[in-house]
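Breakdown of the fold
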Amino acid sequence: MSKTFDVIVIGAGPGGYIAAIRAAQLGMNVACIDEWKNASGGPAPGGTCTNVGCIPSKALLQSSEHFEQANHHFADHGISAKDVKMDVAKMLARKDTVVKQNNDGILYLFKKNKVTFFHGRGSFASKSEAGYEIKVSGKAEESLTAKDIIIATGSSARALPGVPFDEENILSNDGALRVGAVPKKLALIGSGVIGLEMGSVWRRLGAEVTILEGLPTFLGAVDEQIAKEAKKIFDKQGLNIQLGVKVGDIKSSKKGVSVNYTNAKGEAQSLDVDKLIVSIGRVPNTTGLNPEAIGLQLDERGAILVDADCKTALPGVWAVGDVVRGPMLAHKAEEEGVAVAERIAGQHGHVDFNLVPWVIYTSPEIAWVGRTEQQLKADGVAYKSGTFPFLANGRARALGDTTGMVKMLADATTDEILGVHIIGPQASELISEATVAMAFKASAEDIARICHAHPSLSESTKEAALAVDKRTLNF
Ligand code: FAD
Ligand code: NAI
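Residues numbered from 1 in each chain as written. Chains lettered and ligands numbered in written order. Predicted model: local features only at pLDDT ≥ 70, side-chain atom pairs only at ≥ 80, totals over all residues. Heavy atoms only, no water.

1. Observations regarding the site of ligand 1
- Taken together, 38 residues lie near ligand 1, and D34, T48, K58, G122 and D322 sit nearest.
- Within the contact set of ligand 1, an oxygen atom lies 2.9 Å away from a backbone nitrogen or oxygen of G15.
- One of the backbone nitrogen or oxygen atoms of C54 is found 3.5 Å away from a nitrogen atom of ligand 1.
- Protein contacts shield 95% of the accessible area of ligand 1, which totals 1,000 Å² for the unbound molecule.
- When residues in the shell around ligand 1 are grouped by element, the largest group, four residues, is from helix α2 (residues 47-52).
- By residue class, the composition of the shell around ligand 1 is 14 nonpolar, 18 polar and six charged. (Near = heavy atom within 4 Å. Polar contact = N/O pair within 3.5 Å; in protein donor to acceptor, adjacent residues only side chain to side chain. Areas by Shrake-Rupley, 256 points an atom, 1.4 Å probe, with all protein chains shown as cover. Helix = DSSP H or I, 4+ residues; strand = E, 2+ residues; numbered from the N terminus. Nonpolar A, V, L, I, M, F, W, Y, C, P; charged D, E, K, R; others polar.)

Quick look at the structure:
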């Protein structure tokens, strides 16, 4: 007999587990199915984000940053730390603990909110008057039925054609987070978000890192001025980023990986490394979902076709997060999950896709929200720009980290903030003020007139707002 629910969520990543909790909060009887297994075969809800994405990568970024600080920056504070060593096994074990805390936290939240969790793979079986039947294949086989289904099956790493991941030498994000010893030489293909974050982790720990990027421009989606600054800083740190390359043959052996490529000048090159991380984007995950059983449409990229409200063409079938169009970000998935649960409950859930912040957790961090200068130019919008360097910020000086700047772009006529772009310390935290301000349609002058704590990095945002009106006080 099929168990009946109001809503079935397939996938317990940030899109799915948050949708399940919100639907339960709204009084619905909710099931959530997820197939991720931990090392002992038990459930590990949280998806890519918790298991092999946001959380473990930030744990390693933190550990490696401490190592970098101890080796290169403690001395500035009068602290001598000789023979600083990195115990990679301990670093990885700590990361695993952080992941487990998050897995357990989600299982606790399911209990607290009375979401019924099923560990296994969910796939569409049939469609009838009663709703959609989902088969769960795990330790036990189950049949579940609901009138509303939320698909949140996420994404997987894209492999280079003909170069499958072996997670030993040729690594996806999964293997990249489990490398057991610091590779002497490491190559990454793709200088996007993963390339820069994982490249930074292993460079800080002592690897010689080369990043091969296909496009001739560095971080094309980032504001040009910020991207230029970032490239200068990463070059100085010793990340060897080569742009405009064409990757050719890749051979893996016991000794390591050999990568043939053509550089921007058209010269044939060969690079021998211990490990290769391929970070060239991700593909929507519909493996095993059996969308054909109910006639669910995918787009040309294999993503589930949805409208702006995450509705598919089938009544009661919704999809959120990485498996649909839009940026592949955990917070975007979460916002869509909440909005869909609210729509199912007859409310008016809303996601403002123009106000999804981005953060690259390198050192310095890069964060932005809204439009870049190049986008405003392309859109023909008249704008004013104000920048303020962290070099002139007292807190940044006290921290000993004065790299980067805050840049604010505002409408030339109305002064409404159109974009904020930050490279510098704690940009990931600073960007929230900009997002909130933009959500409230603030002008640059609004921020300029608001009292900011002193000394704080956020004073740089206020000063960038003052700079829009050419009246910085500290620069
Ligand atoms: P996922 O998190 O991928 O979850 C999908 C879940 O569905 C998985 O648990 C999967 O096992 C399960 N599933 C799939 N098919 C089935 C099925 N048929 N039956 C049952 N279960 C199924 N984003 C950020 O915002 N900030 C970051 O700092 C960040 N860092 C990242 C670092 C790395 C290395 C990577 C790879 C990604 C990072 N991301 C980050 C992106 C973020 O992880 C994704 O955008 C986010 O996880 C998407 O959430 P989701 O719920 O759509 O899918
Ligand atoms: P990405 O899209 O950020 O970057 C991929 C890069 O690879 C691009 O610069 C692209 O031009 C390049 N590329 C593609 N094919 C290539 C080829 N054949 N040869 C050489 N270069 C090639 O994708 P990435 O880094 O894999 O990350 C996937 C997604 O995961 C991100 O887009 C983001 O949505 C999410 N993510 C978010 C993080 C965050 O928010 N801090 C951290 C890590 C991942």
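2. Some thoughts on the side chain of K407
- Checked against the element boundaries, K407 lands in strand β20 (residues 405-411).
- In this structure the side chain of K407 is engaged in a polar contact, spanning 2.8 Å, whose partner is the side chain of D223.
- Within polar-contact distance, the side chain of K407 engages the side chain of E373 at 2.4 Å.
- Those residues in contact with K407, other than ones at most four positions away along the chain, are D223, Q225, I226, E373, S385, G386, T387, G419, V420 and H421. (Contact = heavy atoms within 4.5 Å.)

3. Overview of the state of the cysteines
- Per the stated rule, a full pass over the model turns up zero disulfides.
- Cysteine C32 is unpaired, with the sulfur of C49 as its nearest cysteine sulfur at 14 Å.
- Residue classification places C32 among the buried residues on the basis of a relative accessible area of 0%. (Disulfide = S-S within 2.5 Å. Buried < 20%, exposed > 50% of the residue type's maximum accessible area, 1.4 Å probe, protein only.)

4. Topic: the packing of helix α1 (residues 14-25) against helix α8 (residues 330-344)
- Between α1 and α8, whose axes approach to 7 Å, the crossing angle comes to 30°. By the angle between their axes, α1 is roughly parallel relative to α8. In this structure, α1 meets α8 at a crossing whose hand is right-handed. The segment α1 lies against α8, with P14, G15, I18, A19, R22 and A23 engaging A330, A333, E334, G337, V338, A341 and E342. (Axes fitted to C-alpha atoms, helices over the stretch in contact; angles between N-to-C directions. Parallel < 35°, antiparallel > 145°, perpendicular 65-115°, else oblique. Left-handed = near helix turned anticlockwise from the far one by under 90°.)

5. Focus on helix α6 (residues 193-204)
- Between its terminal C-alpha atoms α6 stretches 17 Å, which fits the 16 Å expected from 12 residues at 1.5 Å a residue.
- Those residues of α6 that fall on the buried side of the exposure criterion are G195, L196, E197, M198, G199, S200, V201, W202, R203 and R204.
- With its phi angle positive at about 120°, G206 sits one or two positions after the end of α6. (Expected span 1.5 Å × (residues − 1).)

6. Some remarks on the sheet that holds strand β13 (residues 268-273)
- The strand order across the open sheet formed by three strands is β11-β12-β13, and the pairing between neighbours is antiparallel. If you trace the sheet from one side to the other, it starts and ends with β11 (246-253) and β13, each paired once. Taking the axes of each pair of neighbouring strands and ignoring which way they run, one obtains an average angle of 15° across the sheet.
- Of the pairings in the sheet, the one linking strand β12 (residues 256-262) to β13 comprises six bridges and is antiparallel in character. Looking across to β13, one finds that Y261 is bridged to Q269. (Pairing = 2+ DSSP bridges.)

7. Remarks on the site of ligand 2
- By nearness alone, 22 residues border ligand 2, and E197, E213, G281, M328 and V359 come closest of all.
- M328 is positioned with one of its backbone polar atoms (N or O) 2.6 Å from an oxygen atom of ligand 2.
- Contact with the protein chains covers 74% of the free accessible surface of ligand 2, which is 840 Å².
- Elements supplying a minimum of two residues to the shell around ligand 2: α6 and β17 (358-360).
- Sorting elements by how many residues they give to the shell around ligand 2 places α6 first, with four residues.

8. Thoughts on the layout of surface pockets
- Reported here for the second largest pocket is a volume of approximately 1,100 Å³.
- As for the second largest pocket, its lining consists of 30 residues, and the residues nearest its centre are E65, Q69, S363, P364 and D401.
- When contributions to the lining of the second largest pocket are tallied by element, the ones reaching two or more residues are α3 (54-72), α6, α7 (224-237) and α11 (427-439).
- The dominant element in the lining of the second largest pocket, judged by the number of residues it contributes, is α3, at seven residues. (1 Å grid on protein atoms, 1.4 Å probe; cavity = no way out; pocket = protein on both sides within 12 Å on 5 of 7 lines; lining within 4 Å. Points joined across faces, edges and corners; volume = space filled by probe spheres on them.)

9. Observations regarding the pairing of strand β5 (residues 141-151)
- With eight of 11 residues buried, β5 is to be regarded as a mostly interior element.
- In this sheet, β5 lies alongside strand β1 (residues 3-10) in parallel orientation, the contact comprising seven bridges. Bridge pairing in β5 places T4 opposite T145.
- Pairing geometry for strand β4 (residues 131-138) and β5, over six bridges, is antiparallel. Following the sheet pairing, I134 is matched in β5 by L144.
- The antiparallel pairing of β4 with β5 creates a hairpin that spans two residues between the two strands.
- In this structure, β5 lies alongside strand β16 (residues 317-319), joined through three bridges in parallel fashion. Bridge pairing in β16 places I150 opposite W318.

10. Some points on the domain arrangement of the protein
- Annotation of the protein at the domain level lists domain 1 (3-157 + 283-351), domain 2 (170-280) and domain 3 (355-468).
- Between the C-alpha centres of domain 1 and domain 3 the distance comes to 31 Å.
- Each partner contributes to the interface: domain 1 provides eight residues, whereas domain 3 provides six residues.
- Between domain 1 and domain 3 the total buried area reaches about 590 Å² when both faces are included, carbon and sulfur atoms providing 73% of it.
- Contact with domain 3 buries surface across domain 1, with K58, L329 and H331 losing the most and accounting together for 47% of the total.
- Taken together, the links from domain 1 to domain 3 amount to zero salt bridges.
- On the surface where domain 1 and domain 3 come into contact, there are one residue pair in polar contact (both at pLDDT 80 or more).
- For the side of domain 1 that touches domain 3, the residue count by class is three nonpolar, two polar and three charged. (Domains from an automatic or database assignment. Buried area = accessible area lost by both parts, 1.4 Å probe. Salt bridge = Lys/Arg side-chain N within 4 Å of Asp/Glu carboxyl O.)

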